[in-house]
Amino acid sequence: MLSDMLKKKGIKHQVLNAKKHLEEAMIVAQAGRLGAVTVATNMAGRGVDIVLGGAAEGRDKKEWQQEHDKVLVIGGIYILGTERHEARRIDNQLRGRAGRQGDPGFSRFYVSLEDNIVSRFGGDRIRGIMEWAGFDENTPIENKLINRSIESAQVRVEGYHFDIRKHLVEYDDVVNQQRELIYSERRKIISRTDLKSNILSMVDEEIKSIVAAHSGNGKYDEFDIDSILREAATIFSLSSELNTETLKSLKIEQVEKHLNDYAHTIYESREQKLGSEIIRSIERLVMLRTIDNLWREHLTNMEEKRLEAQWQTLRQVKSVDAYKGMGYEQFQSMLENFRTIVAHTIFRVNIVTKESQPRRPVTMIRTAAGTPPGNSNTLSTSVKQNQIPTGKKVGRNDPCPCGSGKKYKHCHGK
């Protein structure tokens, strides 16, 4: 907008807006020349030294010195700010482009009462003061009270952003603590050779929760054996000996112990059948896959909890404190889900070695010269799997001539 206004006035200028990457260095180098006008965004606020008279490289030294002296005489660089920014630091950095290294310079900022920084904090009050004092739109606002009001608004905005950053760190600390615990457990799973005791303890805990959920207050008449067996069957297959008749005469503790012993027995027999090495691999794979999946879901849930915690301020509760409480509950829920999934998976999962599909042998008919097929001189041979017929070029997406049924690019075309 400013560039268009300058064009209409016939004022030559350069625009520095981080879009002209190849020209930026040249624009900055020549921004200090006599009569040069540069329209710049905040990117020119720091890391930029503007030499009065322009860059001396590639120019006659005497000519450059004369132009440099002229710029010094008329006052150096003049910084015009078209607004006051939310952070005073940005304003000070823009001002700092003038008057560097002992050179003269000047800066002036223009402010509208409709600017965001002013309207958000005290814009109506400043407008009232100006109307009371009889200021018109063309009168510069140089009253100290007005300047202090604008700076006060900047301080409040800076405080607001500081609180946001502070809360962001506090929010991240909650997840970081959980992350350290999860990664620590994950490293243990990877490094341990035997996770059997962990697995069986999870199974025991799951059985305990099932029994407790269907045992009422521990009274015999409130015992729901059928429901206990039905849920236990989702963990491991029940034998004919485990039925309502055999368990109904037992106490709660005895039912739990009976199911635990049965689960351990099944696990031992399963280990003997598959072998210790395979069982250890199954344990590690099940725990790693489960913890990875749950952790990804947990991070998504924690992001939702962060948004939910913002509303707790309506109940006069700090959002960070609410987030910590929600995060703890969510984390405990994830750990419980981890135990449940592992317990319900470990007896059902197995390692299957995937064998390659058998390939149909291709029969090639090779005839001697001048002898028709079917003659006694005909030779019939079977082609090995690593051989394909020669001749016409096979396309990448065509069926492989070896007869495997796969595309050529996925078979012999690799």
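Residues numbered from 1 in each chain as written. Predicted model: local features only at pLDDT ≥ 70, side-chain atom pairs only at ≥ 80, totals over all residues. Heavy atoms only, no water.

This part is about the packing of helix α8 (residues 196-213) against helix α12 (residues 276-310). Contact pair α8 / α12: the axes reach a minimum separation of 10 Å and the direction vectors enclose 60°. In terms of axis orientation, α8 runs oblique to α12. In the crossing of α8 with α12, the sense of the turn from one axis to the other is left-handed. Here Lys-196, Ile-199 and Met-202 of α8 lie close against α12, whose contacting residues are Arg-280, Glu-283 and Met-287. Class assignment for the residues of the contact of α8 with α12 results in 3 nonpolar, no polar and 3 charged. (Axes fitted to C-alpha atoms, helices over the stretch in contact; angles between N-to-C directions. Helix = DSSP H or I, 4+ residues; strand = E, 2+ residues; numbered from the N terminus. Parallel < 35°, antiparallel > 145°, perpendicular 65-115°, else oblique. Left-handed = near helix turned anticlockwise from the far one by under 90°. Contact = heavy atoms within 4.5 Å. Nonpolar A, V, L, I, M, F, W, Y, C, P; charged D, E, K, R; others polar.)

Before going further, it helps to spend a moment on the side chain of Gln-330. Note on placement: Gln-330 falls in helix α13 (residues 319-345). According to the relative accessible area criterion, Gln-330 is buried, its value standing at 17%. (Buried < 20%, exposed > 50% of the residue type's maximum accessible area, 1.4 Å probe, protein only.)

Where α8 meets α13, the closest approach of the two axes is 9 Å, and the angle between their N-to-C directions is 105°. By the angle between their directions, the pair α8 and α13 is classed as roughly perpendicular. Contacts from Ile-199, Met-202, Val-203, Glu-205, Glu-206 and Ser-209 in α8 reach Phe-338, Arg-339, Thr-340, Val-342, Ala-343 and His-344 in α13. In terms of residue class, the contact of α8 with α13 is made up of 6 nonpolar, 3 polar and 3 charged.

Another point: the packing of aromatic side chains. In total, this model carries 4 aromatic pairs according to the counting rule given. Where Tyr-267 meets Phe-347, the ring centres are 5.8 Å apart and the plane angle is 85°; that geometry is what we call edge-to-face. Within this pair, whereas Tyr-267 is found in helix α11 (residues 252-274), its partner Phe-347 is found in the loop between α13 and β5 (362-366), the two being separated by 80 residues in sequence. There is no split in this pair, since Tyr-267 and Phe-347 are both buried. One aromatic cluster is present, built from ring pairs that chain together Phe-236, Tyr-262, Tyr-267 and Phe-347. (Phe/Tyr/Trp six-rings, centres within 6.5 Å; stacked < 30°, edge-to-face > 60°.)

Turning our attention to the nonpolar core. Most often, soluble globular proteins have nonpolar side chains that are buried together. Judged by nonpolar contacts, the single largest core of 39 residues is most densely connected at Val-203, Ile-207, Phe-236, Leu-259, Ile-346 and Phe-347. Only α7 (144-191), α8, α9 (225-232), α11, α12 and α13 provide two or more residues apiece to this core. It is α12 that contributes the most residues to this core, 8 residues altogether. Here Ile-346 is in contact with Ile-199, Val-203, Tyr-267, Arg-270, Ile-282, Glu-283 and Val-286, once residues within four sequence places are set aside. Within the second largest apolar cluster, 9 residues are counted, among which are Met-302, Val-320, Tyr-323 and Met-326. (Core = buried A, V, L, I, M, F, W, Y, C linked by side-chain atoms within 4.5 Å.)

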